[in-house]
Amino acid sequence: MLIIDNYYSFSQLYPEQTEIFAAITRDSAKYGIQAIITCNSLNDVRSKIQQNFSNYITLSLPEKGDYRSTLGLYAEFMPKNIKGRGLLREGDRLLEYQTALPCRGSNESERYKMIEAFVAEINLRDSDCAGAEKVRVLPHGQSYEAFYAENRSSDMLPLGYYTDDISVYGIKYTELFCYAVSSAAPEGTSLMLKNIMYAAKQEGIFTYCVKLRRDILTDTSSADKLCRTTEEVVDMLAALRSRFSERAVDKKKFLEEFLEGDFAGYLCGKHDRIMIVIDSMNEFMEMIYNISNKEDMHSITEAYFKNGAGMGIYFVIGFEAEAYGQNYFRTACRSFVDYHQSVHLGGRYDRQKLVEVNMTMSQKSKPCENYIGMVNIGSRAAEVYIPGGSKDDK
């Protein structure tokens, strides 16, 4: 049995679910599912859903004429002004009825407790019956640390929940390489980068944090190495070159010997994993393409992004939704986004180019919470919830 108390509030809070509810009520009877809804007025329920209900009962209404719109007959009398009294239709006549209390009890609280005890007794008696599946809800108030502890996996970086079915959204480490994070506001990018660095620390992944902007990623406590200056970034890129070279040699030897096999597993056993988290792709591009150095830093970076996948080295970079367009046609930036691993948070999807969304222009222009975003899964976009961003998350 499916019961919705105050259908109007349900339709306002979850407008995207009303079409699903219409389909459920249309076909539910043949699957043994009964639906009951309450409303203050029949106008609160769309006619498309009204037609799926065959039985209506009313409690006390203000006017006699109000019963006609619900029950289809004019009420020649009003029910007595007694709590729980109302009218229902029986054939071609209206009958007055009295709602019975579900159980004994001097007040609502006592009756509720008795109902709970009664349901618990039924469940115990019918323990062999699987019963209804528990409805999953988004765990508002859950910190990312708690989410990570609950969903930790050596194979996958858990990032949040899909909002449609509350399943875990994450990326397998074997598939992770260039992951882009953009947001309508700096808070969204900061949240995602902070969470990812926390997960990397728990997994023992050595993390560089390149911090080039003051308003993004104020918490860098999970980083193993913080790079703020041009010199520090140059040193990091040079260190990565030797790491990539070592792994490329090992990969060549591995493939010559085994042709096929679990190179990722072999790599993890021989080399430490490394993550590079950069708060701003725009600032990073401006830096590497304008470095006065005997070595061409932007060419080195281009080579990393183009050829470095599958080496146990991961790049996670923040994108300013409006600013990165000027760098999009630079080879390094284009190679990075071509991996199509990205999330955009905070709505305003008309200002970003990382995630393709099938929305109207008015929907694309709307902002939303900084912990709600969209990701591309194959050819479709999916909405995700990122723990730790709500004011209730602790």
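This report concerns the structure included in the present document. (Residues numbered from 1 in each chain as written. Predicted model: local features only at pLDDT ≥ 70, side-chain atom pairs only at ≥ 80, totals over all residues. Heavy atoms only, no water.)

What follows is about the overall build of the protein chain. Secondary structure assignment for the protein chain yields 13 helices and 15 strands. For a compact globule of 394 residues, the expected C-alpha radius of gyration is about 21 Å, and the protein chain comes in at 29 Å, more than 25% above that figure. Counting only C-alpha atoms, the protein chain reaches 95 × 50 × 40 Å along its principal axes. Counting across all 394 residues of the protein chain, residues that qualify as buried make up 39%. For the protein chain, the share of sequence-separated contacts (at least 6 apart) that also reach a separation of at least 24 residues comes to 57%. Summed over its atoms, the accessible surface of the protein chain is roughly 23,000 Å², and 50% of this surface lies on carbon and sulfur atoms. Of the side chains in the protein chain, 46 bear a positive and 54 a negative charge, and the two mean positions are spaced by 2 Å. (Helix = DSSP H or I, 4+ residues; strand = E, 2+ residues; numbered from the N terminus. Rg over C-alpha atoms; globule rule 2.2 N^0.38 Å. Buried < 20%, exposed > 50% of the residue type's maximum accessible area, 1.4 Å probe, protein only. Contact = heavy atoms within 4.5 Å. Areas by Shrake-Rupley, 256 points an atom, 1.4 Å probe, with all protein chains shown as cover. Lys, Arg positive; Asp, Glu negative; His and termini not counted. Charge placed at Lys NZ, Arg CZ, Asp CG, Glu CD.)

Inspection of the secondary structure assignment puts Val249 in helix H8 (residues 230-258). Residue classification places Val249 among the partly exposed residues on the basis of a relative accessible area of 44%. Separated by 139 residues in the primary sequence, Val249 and Glu110 place their C-alpha atoms 73 Å from one another.

Within a sheet, neighbouring strands are paired by backbone hydrogen bonds and run either parallel or antiparallel to one another. Across the sheet, 10 strands lie side by side as S7-S6-S15-S14-S13-S8-S12-S11-S9-S10; this open sheet has mixed pairing. Two strands in the sheet have a free side with no partner beyond their single neighbour: strand S7 (168-172) and strand S10 (225-227). Strand-to-strand, the axes of this sheet are offset by a mean angle of 30 degrees, without reference to chain direction. As paired strands, strand S8 (residues 178-183) and strand S12 (residues 313-320) are joined by six bridges and run parallel to one another. Across the sheet, Ser183 pairs through a bridge with Glu320, a residue of S12. Strands strand S6 (156-162) and S7 of the sheet are contacted by helix H6 (residues 144-151), whose axis makes an angle of about 115 degrees with S6. Sheet strands touched by helix H7 (residues 186-202): S6, S7, S8, strand S9 (206-210), strand S11 (274-278), S12 and strand S13 (342-345). Its angle to S8, the strand with the most contacts, is close to 145 degrees. (Pairing = 2+ DSSP bridges. Axes fitted to C-alpha atoms, helices over the stretch in contact; angles between N-to-C directions.)

Judged by side-chain polarity, Met1, Ile3 and Ile36 come together as a nonpolar surface patch covering roughly 350 Å² of accessible area. By the secondary structure assignment, Ile36 is in strand S2 (residues 35-37). Taking the relative accessible area as the measure of exposure, Ile36 reaches 40% and is therefore partly exposed. (Patch = residues over 30% accessible without salt bridge, like charges linked within 9 Å, V, L, I, M, F, W, Y side chains within 5 Å. Salt bridge = Lys/Arg side-chain N within 4 Å of Asp/Glu carboxyl O.)

A cluster of acidic residues, Glu16, Asp164, Asp165 and Glu383, forms a negative patch at the surface. Position of Asp165 among the secondary structure elements: in the loop between S6 and S7. Owing to a relative accessible area of 43%, Asp165 belongs among the partly exposed residues under this scheme.

Here we take up the side chain of Asp279. Tracing the backbone through its elements, the reader meets Asp279 in the loop between S11 and helix H10 (281-288). For the buried Asp279, no salt bridge exists, and the shortest N-O distance to an oppositely charged side chain is 4.3 Å, to Lys211. Among the polar contacts made by the side chain of Asp279, one reaches the main-chain amide nitrogen of Leu212 at a distance of 2.8 Å. Separated by 2.9 Å, the side chain of Asp279 and the backbone nitrogen of Arg213 make a polar contact. Ignoring anything within four residues of it in the chain, the contact list for Asp279 reads Thr189, Leu193, Val210, Lys211, Leu212, Arg213, Ile216, Leu217 and Gly318. (Polar contact = N/O pair within 3.5 Å; in protein donor to acceptor, adjacent residues only side chain to side chain.)

A few words on the sheet that holds strand S3 (residues 57-59). Spatially, three strands are ordered S3-S4-S5 in an open sheet, and the strand pairing comes out antiparallel. The open sheet terminates on both sides in strands that have one partner only, identified here as S3 and strand S5 (93-98). In this sheet, neighbouring strand axes are inclined to one another by 30 degrees on average, regardless of whether the strands run parallel or antiparallel. Pairing of strand S4 (residues 85-90) with S5 involves six bridges; the strand directions are antiparallel. Paired with Leu87 across the strands is Glu96, a residue of S5.

Although it is not a glycine, His340 adopts a positive phi angle of roughly 55 degrees. Structurally, His340 is set in the loop between helix H12 (331-337) and S13. The backbone phi angle of Arg348 is positive, close to 50 degrees, even though this residue is not glycine. In this structure Arg348 comes out as partly exposed when scored by relative accessible area, which is 23%.

So, to be careful, I would describe these as geometric facts and stop short of saying anything about function.
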